[in-house]
Amino acid sequence: MGYNDVKRGGERIMDALGKEEVYTIDDIYALPDGQRAELIDGKIYYMAPPSRTHQKISGKLHQAIANYIDSKGGECEVYAAPFAVFLNKDDINYVEPDISVICDLHKLDDKGCHGAPDWIIEIISPGNKPMDYFTKLFKYRTAGVREYWIVDPTKEMVMVYRFEKETMEEYPFGENVPAGIYEDLSIRVDRVE
């Protein structure tokens, strides 16, 4: 089964005209316990468990951002996956970014974030490269995310998209990466051994 293919009971779901079924957030919540997936424009994308490298990078990024927010007495909140983001306030888009920073606290409730976070970080795993580099890049930009980082442990690079300024910059691991939504925060992403 390809990354974009969805099957129920071994069969792809098609309507009478041969179009694939559009899934909703209810379908995500109906998945068996332990099965994680995201929903983009009504298509389900199953997620494999993250690697140790992925988790270490995610933990360090979350810690650096949380420490910064706490030290400044900031009002933004940072969340690590699994954390629900109902990206477009509709029922056909649901993502779980690796790191989400939300500054408009009115978007938050016990279910997650309703609308675009200000800053999203995704850490590339071998099975999700096209999703993070293309599908989510477009979706996050059009949804109103202000800043999107793609952290690629294989390439040892951080791609920073500042959608408000329409810029993209690349930083190698070991260099300080400035956060565009804050004036005085830079984070160094290092290789994980």
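Predicted model, so just to flag it, every value in this text is computed and none were measured.

1. Notes on the pairing of strand E10 (residues 119–123)
Within E10, 5 of the 5 residues are buried, which leaves the element mostly enclosed by the surrounding structure. The pairing of E10 with strand E11 (residues 147–152) spans 5 bridges and is classified as parallel. Across the sheet, residue Glu-122 finds its bridge partner in E11, namely Ile-150.

2. Some remarks on the nonpolar core
Counting 27 residues, the largest nonpolar core has Trp-119, Trp-149 and Tyr-182 as the members making the most contacts within it. Taken together, the elements giving at least two residues each to this core come down to helix H2 (52–72), strand E7 (99–102), E10, E11 and strand E12 (157–162). Here the element with the most residues in this core is H2; it accounts for 6 residues. Within the second largest apolar cluster, 23 residues are counted, among which are Val-85, Ile-102, Met-131 and Phe-163.

3. Details of the packing of aromatic side chains
The full count for this structure, using the stated rule, is 9 aromatic pairs. Judged by centre distance (6.2 Å) and plane angle (25 degrees), the ring pair of Tyr-161 and Phe-163 falls under stacked. Both residues of the pair, Tyr-161 and Phe-163, belong to the buried class. Taken together, the ring pairs connect Tyr-68, Trp-119, Trp-149 and Tyr-182 into an aromatic cluster.

4. A few points about H2
Compared with the 30 Å implied by 1.5 Å per residue over 21 residues, the 30 Å span of H2 between its first and last C-alpha is a close match. When H2 is considered as a whole, its buried residues turn out to be His-54, Ile-57, Ser-58, Leu-61, Ile-65, Ala-66, Tyr-68 and Ile-69. Seen end-on, H2 carries its buried residues on one side only, within an arc spanning 160 degrees. With respect to the buried face of H2, the exposed residues turned more than 90 degrees away are Arg-52, Lys-60, Asp-70 and Ser-71. Where H2 is buried, its residues touch strand E5 (77–80), E7, E10, E11 and strand E15 (186–188). Phi turns positive, to about 65 degrees, at Gly-73, one or two residues after H2.

The rules we used
- Residues numbered from 1 in each chain as written.
- Predicted model: local features only at pLDDT ≥ 70, side-chain atom pairs only at ≥ 80, totals over all residues.
- Heavy atoms only, no water.
- Buried < 20%, exposed > 50% of the residue type's maximum accessible area, 1.4 Å probe, protein only.
- Helix = DSSP H or I, 4+ residues; strand = E, 2+ residues; numbered from the N terminus.
- Pairing = 2+ DSSP bridges.
- Core = buried A, V, L, I, M, F, W, Y, C linked by side-chain atoms within 4.5 Å.
- Phe/Tyr/Trp six-rings, centres within 6.5 Å; stacked < 30°, edge-to-face > 60°.
- Expected span 1.5 Å × (residues − 1).
- Arc of directions from axis to C-beta.
- Contact = heavy atoms within 4.5 Å.

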